[in-house]
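# Coordinate inspection notes
Single-letter residue listing:
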Amino acid sequence: MTDTPLFSVRDVSKFYGGRIGCKDVSFDLWPGEVMGIVGESGSGKSTLLNCMAGHLTPDQGQVMFDTRDQGMVDTVTMSEPQRRMLSRTDWAFVHQHARDGLRMNVSAGGNVGERLMAVGARHYGDIRDSAIDWLGRVEIAETRIDDRPSAFSGGMMQRLQIARNLVTGPRLVFMDEPTGGLDVSVQARLLDLLRSLVREMGLSAIIVTHDLAVVRLLADRLMVMKDGHVVENGLTDQVLDDPQHAYTQLLVSSVLQV
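This text gives an overview of the structure that appears in the document. (Residues numbered from 1 in each chain as written. Predicted model: local features only at pLDDT ≥ 70, side-chain atom pairs only at ≥ 80, totals over all residues. Heavy atoms only, no water.)

So, on to unusual backbone geometry. Backbone geometry at Asp24 places phi at a positive 50°, although glycine is not the residue there. Within the secondary structure, Asp24 sits in strand β2 (residues 19-29). Of note in this structure, Glu177 is not a glycine but carries a positive phi near 45°. The topology assignment puts Glu177 in the loop between β7 (172-176) and α6 (184-201). The class for Glu177 is buried, based on a relative accessible area of 9%. (Helix = DSSP H or I, 4+ residues; strand = E, 2+ residues; numbered from the N terminus. Buried < 20%, exposed > 50% of the residue type's maximum accessible area, 1.4 Å probe, protein only.)

As structure tokens, this is what we get:
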């Protein structure tokens, strides 16, 4: 195992006027590790995710990534073109609502192919072959390659968004409530798919969710957020089976009572 984290967050804070979005958050993420971030709505987990992924600029702190050519670099101070290239290559972002992560007026194959073209792929046959391969890996039939996402079910759109994100072989994937809004049976299928892809590709991932079952299945480690602060963190099973903070105990007991 490498002695350098893939991703390192140091004292990240974001404020909205006098309100705390997130405050003084720090952690390291190692290659192949999955981190879950849980908390109720308004806990700060989505603000933190967007600061880490470059969608928001934190008011203070560093977001370091172990780049292929320069080693650890603070992505907060990167130029916009550098960050855009990073988000097309080594980073990926899976939105809760698949429509936010797809081009709805482009075919399924085109959605996957676009990301390849963004990193320099130009051979039509190769791009189409890669698209077919990835549609198969996310359980979408090759016969649907020319269909637009609007013809797909919610679960299928989410699987297409995952294919579009993973086709370039990223090393870090940010996921914002990846199973939110899907039926329970569709959620289970999607979670199984995500778990197999994460393991198979050796992906590092950061998953924000309010669903403890999602992190139980996918995450190696867990951070619990409340009012913008991290109140507890540790190995997922340890935190869920023996929660130390009163807020975590409340979250876990509320699930057990359902």
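In summary, soluble globular proteins display a tendency toward joint burial of nonpolar side chains. Of all hydrophobic cores here, the largest spans 48 residues; its most connected members are Val112, Trp134, Val138, Leu160 and Ile162. If sequence neighbours within four positions are ignored, Trp134 has contacts with Val112, Ala163, Leu166, Val167, Leu197 and Met201. Counting residues in each nonpolar core, the second largest holds 28 residues, with Phe7, Val25, Cys51 and Phe65 among its members. (Core = buried A, V, L, I, M, F, W, Y, C linked by side-chain atoms within 4.5 Å. Contact = heavy atoms within 4.5 Å.)

Attention shifts here to the sheet that holds strand β8 (residues 204-209). Spatially, the 6 strands line up as an open sheet ordered β6-β7-β8-β3-β9-β10, and their pairing is mixed. Pairing within the sheet leaves two strands with one partner each, and these edge strands are β6 (91-94) and β10 (229-235). Pairs of neighbouring strands in the sheet enclose a mean axial angle of 15°, with direction left out of account. Relative to β10, strand β9 (residues 221-226) runs antiparallel, the two being bridged by 6 bridges. Its bridge partner being in β10, Arg221 is matched across the sheet by Leu235. Of the strands in this sheet, β6 and β7 touch helix α5 (residues 154-166), which is tilted by about 170° from β6. (Pairing = 2+ DSSP bridges. Axes fitted to C-alpha atoms, helices over the stretch in contact; angles between N-to-C directions.)

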